[in-house]
Every structure is written in structure tokens, then in C-alpha cells.
Amino acid sequence: MVKEKLEGKIKKAYQMAVDEGTFKAERDCPEVIFIEKPKMESHGDFACGVSLKLARHLKLAPMKIAETLKDYIEKVGTNGSGSMKVEAAQPGFLNFQLDKSFLSNIIHQIASAGSNFGQGKPNGKKILIEYVSANPTGGLHIGHGRNAILGSSLANLLSFAGWQVEQEFYINDCGEQINKLAKSAYACYQRKLGQSVDYPEDGYPEDSLSPLVDKAMSEFDKSKLSTPEELGDIVKEYFRADQEKLLLSLGVKFDSWFSETSLHKDGKVEEALRQMSILDFTYDSEGAYWLKAKELGDERDRVLKKSSGATTYLANDAAYHLNKYKRGYDLMVNIWGADHHGQVPGLKAVVKALGEDPAKLDILLTQIVNLNRDGKPVKMSKRAGTVVMLDEVLEEVGADAVRYYLAESNPNNPINFDLELAKKTSKDNPAFYIQYAHARCCSILRRACEEYLDSESGKMNPPRVSLEQMREIEEAYGKDEHLFDSTFDHESDNPEAFAAQKKLVLRLACLPDEVEEAARVMQPGRIARYSYEIACDLQRFYEVSRVLSEDLSVTRSRLGLIMATRQVLANTLKIIGVSAPERM
RNA sequence: GCGCCUGUAGCUCAGUGGAUAGAGCAUCCGCCUUCUAAGCGGGUUGUCGAAGGUUCAAAUCCUUCCAGGCGUGCCA
């Protein structure tokens, strides 16, 4: 919002300078105008280093360019959105100092946009995010959890940023693992019927299957359980349904569940194989059917159909991705665990062999999640040995903490998830601290309309703001641009308070830029960290500046700042899928 | 061997080619009669893994090397 505005101004100034012959160059600025937030306050609220980059094109000294741009920016004027000071600084930066009307205008804009504040304009593009995609042969572990939270937060983020998003779970419901599941379940079933059969070697653990087999026996007639395949189909659906339920409890909801088996039933795998052979990217060798993957950038060729006649996961993936491409997305994102990174070149090769554009397929890899308790590694599962199961972590720390910690980090880095930290109710725990900031805003808004104790007389005073007045403020603050001007009126009385308010408002103003940037690099974690910064700025403001006071006009306008903060916190929490409580 | 990821403060991590390198934790000092102290302010803390290169400007881009993690199936 602010950055966009400044960028526009600089661009206009540049063009004016060209039009008037001050700069001898094309009208289009040859460098990207990047607005940054300077680290040092003396460098203004925002800064731009484009003059340094333009020096080469214009063959002028950077400082000279900055000064010229400054003059033209002043000529361009403010067109109503509040004014600012511009300064040219060595070695050629443009530093912007926003004034009070600009700050007050930001609150007004947040107020009028409400829950839409920060939203990107619809870009008319469709994106498919495929994630989790676990085998329906057991529960989800914490790694699946990371994948799920990244996918879900990314979907929220991109949708907020203006994409049309669909979320899909690809069910790996056929192949060797599923056969093994069916055989294990069937052996378990036969034993329950009193038959003495050997349990398959390296089969799935009997204790985890036993309750599901019981359930199948109670829900289905014997005639439906006569083969391992029939029982396998039932059990894998139980596992899938459990996964869906667990994901829903974390706020992860898919638009579609795509079955791998359905590709076989519909002849789609054969169709994909034919398409690749038509383009001459396949061959027979050693009794198997191969993809010329090496020609397509992989390190070696890959088997599509085993000598047994069964297709490999890669052939099935080819069929699945052909289907995705046919659905006409502008971009497809797959989220995989980093232990699958070796498959990336294979899948890219398949896409090329199908004659589709690999640039439309983006694969995000998530590194592992290490669980700690007070700095020491934990192994908590009774069921799966060393693997930590998602439902156990969820039960211990709750959905909000799980979502925050799995969303917050950069997917390329491993997560060190500390269970004790996630349960703490202090600033050490950012998930808590952000929610607390939201609750604090709500509390102040509530208290404004309540009676309060007069410390001198010891009597209760009537509320500072009546419910009716509060409604009026809420309504007016989206409409009246100048309602909040007095928020910043007391700079000289209390410079500390002014600085804290200004910092908070400028932080809030960055939401649109943060959303845009996070969406561009597909890192919802940036929003989580941004949210934490808001919470810190609010806390600072709260320390040095009272909202509810005897001065009604100041109270009203500061309530506006609190409403705006609450709104931006709510919008960011929604993206990462963490709840925004009104009381804690 | 080859491929991918990572290397920034004692620890966990941010950092978009820009100005003096940033948070939290830890540690030290100070602060609660006031809207939620479940907190706040301040101090200490760095060969940005190493060496070259590109650039007016490099933690950031390029090359080489070192260290760690993961992967390298007719499993998925």
C-alpha cells in the first residue's frame, strides 16, 4: 500500500524528468523501483536506492539523480493521501518521512477494507496445490503435519493474494504397499476367524490393523470380506477417513481427494504411456518398459512398467499429472518431503515426455521436523517406534501451536519443534504472544464500553464510550478520513508514544506488501513472522501510550488504532490458520 | 562418486544487491497503585563456513573448496 504509492510517485517523477529532458533516456525506468524499510530511523520511514542503479543508465552521479528525483517528486504532489518529506541522502538514497495525515489515512484504509485489508487483486489465475498425499496404510506423522500446514497456509495465502486456489490430496491407494496392507489385514482377519495362518513378513503391525478389521467385520457381511483385496479396500478407506478427520481438526481441508486406483480403472495410465511413446520417449529393455529420462534431464532412465507387467509409481504419476495438466491450471504446486527430492527430475522428465510445460509444475520440498522437549530429542510414539505421530503432538500442544510452529519456518530448513515451548504462555512462545495481542485489543475495545473505577473517589464512573458511540466509531472510521488525525496530535507532549504509534501504524500498512511478497516466494511463514512483529509493536505502544483516557477525542482515535491492529492481526492469523481469540 | 538442501551471536533462527548485520532465548542491569506484568526498557554477544571473482555497493550473485543433513530401487 505505502510502498506501492511511493513506487508510483518515483516512477512518475522519473517520467517527468525524461519528458522535460532532464534525464536523457527512455520513458520506461530501466531498473526496478524497490522500496525498502531502512534499518536506521534517521534514514526515514521508507527508502529507495534506485538512483544508485540508474547511475549507469543515465551516466550521471547517483546523488545528482536522487536530488533530481526529489525535486520532481515534490512537483508530483500528494494527491490527497497525506503528505511526506523527501530527502536525497548520500550516496544517492531517497528517504521518505511520512507525516501525520499519512499515518491517519492508513488507519482509515484498514478500517474501510476490514477483513479484506491486505488482499491482492484477483489475478485471474488458477492454481492447484497438491499436498500430504500419504499412503492410506496408517496414521500421519509429524512430517505429514508439516506438509499439511504448509499446503494449507499456502492455499490461504495465495487465495488472499488473488489466486483461484484448489487443494487436492492424491491418495496413493495402490501398489506394493497397499498389497502388503491387504495381505496383513487379511491374515489378521483369518486369525480372528480361528484359522492358523502365518502373518506376512514385514507386514503392517497387527495391533494397528486389528481394531480396523474388527470394525470391518461388524460393518460388512462375510461375503464382502472373502479376499485380501476386498478387505484391503475397506481398511484403506478407514485409514484415509482417519487421516481426513485428523487434518480437519487442524483446519486442513481439501477440495478434492484424487484416487490413484481410479487412474487404472479409467485406463488413464495406459493412455499416458501411449502419449509418451507417441512422442518417442519410451523403449523396451530387459523385459521392462522404460522412459528416456536421461534425455530429459534426469540422471538415468526410469522404469515405467516392471517386468512383472505392473506400472511403477512414475507411470501412475505421469497419468495423474497428465490429468492435472488437462484440467487447465496456470500453475501446479506439489508439496513433498525432502526425502523424495530424488523423484523431482523423474517427474519433470515425465511431464516433458507428455509434451507438457514443466515450468507450470513447481515442487516444494519440506525438510524434516525434529521434536524436542526442553532441548532434548523426543520419541513419543508407542505405535511407530522412532516416528512421532501427528495426532499425539496435536493432543499435547493443541491445533494453534501445531499450526504456528509448522507454518512459521522456511520449508528448506529443518524444524526443531519444542513441545514445552509450544505450551508456554509467555512471549517465548510466539504463537501465544500473537494471540494474546489480539485478545488484548479485544479487551481494550470491551473495556472502553464498561464502567470503570475512579482511583481518587473510589466510585465507579460510567463507561468512557457508550455502546452506541462505539458503533458510531466503528461505522465512521471506515468513512471519515480524518477521524484519526488526533491519534498523532500529541507528538511534542509524548514523543515516545508518538514513535510507538507511528511504528505500529507503519507496520500495519505493510500487510499488502507482505502478502504480495510471501505469495511470490510461496512462503506463508513470512506472514507468521510478520504477525509476531505486529504483536511486539502493539505491546510497545501499549506500554507507553494509554488508549482509554479522559480526553474523549484521543480515546476515540486511539480506539481506531486498536481496531486496525486487531483487524490486521486477525487477517494474518487467518492466513496461517491460527485462531484469533477474543479473550485468553 | 553424483544430486538436492543447509552453514549468520553461546542456542533457535530472520535478512528483497544498498547506508552502522537483525529478532527471540540465554546472560547482566533496571522497572509492576494505571486499559490483560501472561509484560517492558537497557547492556553484552559476530572472521555472515573458507578462498577467489563480478559490482559504485555482496551475508545476498558466480566459481572452487570445507563441514553437516537427505537422496541416489523394476518401493511409494
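What you are looking at is a predicted structure, and each value in this text was computed from that prediction instead of being measured.

Rules and cut-offs
- Residues numbered from 1 in each chain as written.
- Chains lettered and ligands numbered in written order.
- Predicted model: local features only at pLDDT ≥ 70, side-chain atom pairs only at ≥ 80, totals over all residues.
- Heavy atoms only, no water.
- Helix = DSSP H or I, 4+ residues; strand = E, 2+ residues; numbered from the N terminus.
- Buried < 20%, exposed > 50% of the residue type's maximum accessible area, 1.4 Å probe, protein only.
- Contact = heavy atoms within 4.5 Å.
- Pairing = 2+ DSSP bridges.
- Axes fitted to C-alpha atoms, helices over the stretch in contact; angles between N-to-C directions.
- Phe/Tyr/Trp six-rings, centres within 6.5 Å; stacked < 30°, edge-to-face > 60°.
- Near = heavy atom within 4 Å.
- Polar contact = N/O pair within 3.5 Å; in protein donor to acceptor, adjacent residues only side chain to side chain.
- Nonpolar A, V, L, I, M, F, W, Y, C, P; charged D, E, K, R; others polar.
- Domains from an automatic or database assignment.
- Buried area = accessible area lost by both parts, 1.4 Å probe.
- Salt bridge = Lys/Arg side-chain N within 4 Å of Asp/Glu carboxyl O.
- Expected span 1.5 Å × (residues − 1).
- Disulfide = S-S within 2.5 Å.
- Core = buried A, V, L, I, M, F, W, Y, C linked by side-chain atoms within 4.5 Å.
- Patch = residues over 30% accessible without salt bridge, like charges linked within 9 Å, V, L, I, M, F, W, Y side chains within 5 Å.
- Areas by Shrake-Rupley, 256 points an atom, 1.4 Å probe, with all protein chains shown as cover.
- Lys, Arg positive; Asp, Glu negative; His and termini not counted.
- Charge placed at Lys NZ, Arg CZ, Asp CG, Glu CD.

Asker: Explain the overall build of chain A here, please?
Answerer: The helix and strand tally for chain A stands at 21 helices and 17 strands. When the backbone C-alpha atoms are referred to their principal axes, chain A occupies close to 90 × 75 × 40 Å. Across the 584 residues in chain A, those meeting the buried criterion constitute 51%. A fraction of 69% describes how many contacts in chain A between residues 6 or more apart in sequence connect residues 24 or more apart.

Asker: Explanation requested: the sheet that holds strand 13 (residues 369-373) in the structure shown.
Answerer: Whenever strands of a sheet pair, they do so through backbone hydrogen bonds, lying parallel or antiparallel. Strand order in this open sheet of three strands is 14-13-15, and the pairing throughout is mixed. The sheet terminates laterally at strand 14 (376-377) and strand 15 (415-418), the two strands that pair on one side only. The sheet contact formed by strand 13 and strand 15 spans four bridges and is parallel. Residue Val369 lies in a different strand from strand 15, and its bridge partner there is Ile415. Set on the sheet, helix 14 (residues 399-408) makes contact with strand 13 and strand 15; between it and strand 15 the angle comes to about 155°.

Asker: Is there a simple way to think about the packing of aromatic side chains in this case?
Answerer: Pairs of aromatic rings are described using the distance from one ring centre to the other and the angle between the two planes. Counted according to the given criterion, the structure contains 14 aromatic pairs. The interplanar angle of 40° and the centroid separation of 4.6 Å between the aromatic rings of Tyr131 and Phe254 together place this pair among those described as tilted. Pair noted here: Tyr131 is in the loop between strand 5 (126-130) and helix 5 (142-160) and Phe254 is in the loop between helix 8 (228-249) and strand 7 (256-259), with a separation of 123 residues, a long-range link. Using a relative accessible area of 7% as the deciding quantity, one classes Phe254 as buried. Arranged with centres 3.9 Å apart and planes meeting at 5°, the rings of Tyr170 and Tyr320 form a pair that is stacked.

Asker: Just to check I follow, could you spell out the protein's contact with RNA strand B for this structure?
Answerer: RNA strand B sits among 61 residues. The nearest are Phe34, Lys39, Phe93, His341 and Arg440. Near the protein, meaning within 4 Å, the atoms of RNA strand B are sugar or phosphate in a fraction of 55%, with bases accounting for the rest. One of the backbone nitrogen or oxygen atoms of Glu286 is found 3.1 Å away from a base nitrogen of RNA strand B. Between a sugar or linking oxygen of RNA strand B and a side-chain N or O atom of Gln367, the distance comes to 3.4 Å. Put simply, the parts of the chain that give the surface near RNA strand B at least two residues each are helix 2 (50-58), strand 4 (93-98), helix 6 (176-192), helix 16 (430-448) and helix 20 (525-544). Broken down by element, the surface near RNA strand B gets its largest block of residues, eight residues, from helix 16. Residue composition of the surface near RNA strand B, grouped by class: 20 nonpolar, 21 polar and 20 charged.

Asker: So what exactly am I meant to see when it comes to the domain arrangement of chain A here?
Answerer: The figure often quoted for interface size is the accessible area lost as the parts come together. The domains assigned to chain A are domain 1 (2-98), domain 2 (126-130 + 138-172 + 254-366), domain 3 (131-137 + 173-253 + 367-420) and domain 4 (430-576). Computed over C-alpha atoms, the centres of domain 3 and domain 4 are 44 Å apart. With nine residues of domain 3 at the interface, the matching set in domain 4 holds 11 residues. Both sides together, the interface formed by domain 3 and domain 4 hides about 840 Å², and carbon and sulfur atoms give 56% of it. Its largest share of buried area at the contact with domain 4, domain 3 owes to Tyr404, Ala407 and Glu408, together 56% of the area lost on that side. The interface formed by domain 3 and domain 4 contains zero salt bridges. Taken together, the residues that form the side of domain 3 that touches domain 4 break down as four nonpolar, two polar and three charged.

Asker: Sorry if this is basic, but what is going on with helix 18 (residues 495-509) here?
Answerer: Every α-helix winds through 3.6 residues per turn, so residues three or four apart in the chain are directed the same way. Taking 1.5 Å per residue, 15 residues should reach 21 Å; helix 18 reaches 21 Å between its end C-alpha atoms and fits that length. With 11 of 15 residues buried, helix 18 is to be regarded as a mostly interior element. Turning to helix 18, its buried residues are Ala497, Phe498, Ala500, Gln501, Lys502, Leu504, Val505, Leu506, Arg507, Leu508 and Ala509.

Asker: What should I look at first to understand the sheet that holds strand 7 in this one?
Answerer: Strands sit in the order 7-6-5-11-12 across an open sheet of five strands; the sheet is parallel. Taken across any chain shown, the strands that pair with only one partner, and hence form the sheet edges, are strand 7 and strand 12 (361-366). Adjacent strand axes in the sheet meet at a mean angle of 25°, parallel and antiparallel pairs treated alike. Sheet topology note: the strand 5/strand 6 (residues 164-171) ladder contains five bridges and is parallel. From the neighbouring strand, Ile129 faces strand 6, where its bridge partner is Gln167. Contacting strand 5, strand 6, strand 11 (331-337) and strand 12, helix 5 crosses the sheet at an angle of about 155° to strand 11.

Asker: I tried to follow the pairing of strand 13 on my own but got confused; where do I start?
Answerer: When strand 13 meets strand 14, the two strands line up antiparallel, connected through two bridges. When the bridges of strand 14 are listed, Arg373 appears paired with Lys376.

Asker: Help me out: how do you make sense of the state of the cysteines in this one?
Answerer: Enumeration according to the criterion identifies zero disulfides in this entry. No disulfide involves Cys442; its sulfur sits 6.7 Å from that of Cys441, the nearest cysteine.

Asker: What is the right way to read the nonpolar core from this model?
Answerer: Note that soluble globular proteins tend to have their nonpolar side chains buried in a common cluster. If you look at the biggest cluster of nonpolar residues, it comprises 134 residues, and the most contacted ones within it are Ile10, Leu69, Phe96, Ile129, Phe417 and Leu559. In terms of residue count, the dominant contributor to this core is helix 21 (residues 552-576) (10 residues). Aside from chain neighbours lying at most four places away, what touches Leu69 is Ile10, Ala13, Tyr14, Phe23, Val50, Ser51, Leu54 and Leu94. Counting 23 residues, the second largest nonpolar core, distinct from the first, contains Met276, Leu296, Ala315 and Ala318.

Asker: How should a negative patch on the surface be read in this particular structure?
Answerer: Taken together, Glu468, Glu472, Glu474 and Glu475 make up a surface patch of like negative charges. Looking at the secondary structure, you find Glu474 in helix 17 (residues 467-476). You can call Glu474 partly exposed: its relative accessible area is 45%.

Asker: Explain the side chain of Ser409 here, please?
Answerer: As for its position among the elements, Ser409 is in the loop between helix 14 and strand 15. Among the polar contacts made by the side chain of Ser409, one reaches the side chain of Arg146 at a distance of 2.8 Å. Residues within four places of Ser409 in sequence aside, it is in contact with Arg146, Ile415 and Arg529.

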